[in-house]
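Next come the chains, spelled out residue by residue.
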Amino acid sequence: MTQTLLSSRLTLRELEPSDLTAVFNYSSQPEYARFLPHPHAASIEDFKPIFEDITSNQEGSYLWGICLSSNHQLIGMIQITIDEPTQATLHYEIAPQFWNKGFASEAVRTVIAWTFENLSQVNYINGDTHYKNIGSQRVMEKSNMSKIKTEVVNWDKFPEPVELFYYQIKRP
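Residues numbered from 1 in each chain as written. Predicted model: local features only at pLDDT ≥ 70, side-chain atom pairs only at ≥ 80, totals over all residues. Heavy atoms only, no water.

Engineer: Please explain the overall build of the protein as it appears in this structure.
Structural biologist: A tally of regular secondary structure across the protein gives four helices and eight strands. Reading the secondary structure of the protein in the N-to-C direction produces β-β-α-α-β-β-β-α-β-α-β-β. Its C-alpha atoms give the protein a radius of gyration of 16 Å, within 12% of the compact-globule value 16 Å for 172 residues. When its C-alpha atoms are laid out on the principal axes, the protein stretches across 45 × 40 × 30 Å. Split into buried and exposed, the 172 residues of the protein put 47% on the buried side. In the protein, 59% of the contacts between residues at least 6 apart in sequence involve partners at least 24 apart. Total accessible area computed for the protein in this model is approximately 9400 Å², and 50% of it derives from carbon and sulfur atoms. (Helix = DSSP H or I, 4+ residues; strand = E, 2+ residues; numbered from the N terminus. Rg over C-alpha atoms; globule rule 2.2 N^0.38 Å. Buried < 20%, exposed > 50% of the residue type's maximum accessible area, 1.4 Å probe, protein only. Contact = heavy atoms within 4.5 Å. Areas by Shrake-Rupley, 256 points an atom, 1.4 Å probe, with all protein chains shown as cover.)

Engineer: Got a minute to help me understand the pairing of strand E4 (residues 74-84) in this structure?
Structural biologist: The two faces of the sheet receive side chains in turn, since in a regular strand these alternate between them. Summarising burial for E4: eight of the 11 residues are buried, a large majority. Note: strand E3 (residues 61-68) against E4, seven bridges, orientation antiparallel. Its bridge partner being in E4, Tyr62 is matched across the sheet by Ile80. Following E3, the chain reverses through five residues before pairing antiparallel with E4; His72 in that reversal takes a positive phi of roughly 65°. Examined bridge by bridge, E4 and strand E5 (residues 87-94) share eight bridges and lie antiparallel to one another. Paired with Ile80 across the bridge in E5 is Leu90. With antiparallel pairing between neighbouring strands as the criterion, E4 and E5 make up a hairpin whose turn holds two residues. (Pairing = 2+ DSSP bridges.)

Engineer: Before we go on, may I ask you to explain the side chain of Glu93 in this structure?
Structural biologist: With respect to the secondary-structure elements, Glu93 resides in strand E5. As a buried residue without a salt bridge, Glu93 has its nearest oppositely charged side chain in Lys157, at a separation of 12 Å. Among the polar contacts made by the side chain of Glu93, one reaches the side chain of Tyr26 at a distance of 2.6 Å. In contact with Glu93, not counting residues within four places along its chain, are Val23, Tyr26, Tyr32, Ile66, Ile75, Gly76 and Met77. (Lys, Arg positive; Asp, Glu negative; His and termini not counted. Salt bridge = Lys/Arg side-chain N within 4 Å of Asp/Glu carboxyl O. Polar contact = N/O pair within 3.5 Å; in protein donor to acceptor, adjacent residues only side chain to side chain.)

Engineer: Explain unusual backbone geometry here, please?
Structural biologist: Here Asn100, not a glycine, exhibits a phi torsion of approximately 60°, which is positive. Position of Asn100 relative to the elements: it lies in the loop between E5 and helix H3 (103-118). Of the residues examined, Asn100 reaches a relative accessible area of 77% and is grouped as exposed. Residues other than glycine seldom take positive phi values, yet Asn144 does so here, at roughly 65°. Its place among the elements puts Asn144 in the loop between helix H4 (134-142) and strand E7 (146-153).

Engineer: Would you take a moment to explain the sheet that holds strand E8 (residues 162-170) for this structure?
Structural biologist: Backbone hydrogen bonds hold the strands of a sheet together, and the pairing may be parallel or antiparallel. Within the open sheet, the eight strands sit side by side as E1-E2-E3-E4-E5-E6-E8-E7. Their pairing is mixed. Edge strands, defined here as strands with exactly one partner in the open sheet, are strand E1 (5-6) and E7. With seven bridges joining them, strand E6 (residues 124-130) and E8 adopt antiparallel strand pairing. Bridge pairing links Asn126 to Gln168 in E8. In this fold H4 packs onto E5, E6 and E8, with an angle of close to 160° to the strand it touches most, E6. (Axes fitted to C-alpha atoms, helices over the stretch in contact; angles between N-to-C directions.)

In structure tokens:
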């Protein structure tokens, strides 16, 4: 079971099967998938196995639903996954109507702090983003993550290779 985390405006809590519709509703918006390697699901039936896979309790993975504390509305998800003995990878998403309001930065800072406080083996947290995703770059920079490299990858969704920016924060 994932521990509930609180920040000034957010509650990060374990995802529940009843969150399927809320996650599908924001992730099916075209602007949501603009910088992701896969297209958005066309129907909730197509999305259900994806959601079940995301929410399966995988060893070394911690997943939270990002909710507004004021009304408990689910607005996104955030996950930290242990990749190597001393490194973890951070993934996060926010519903498009909540972009540019500081919620992603608040959630990322909360999870980074939790990771360094509770997972003593983790010395580095990594994240990546599409080079055109300025918002995600800003989230990582505001969370004291530093850009460490650029890499060109192939995504089936795009005909041309895609440039990714990689960020990292070291345990203080």
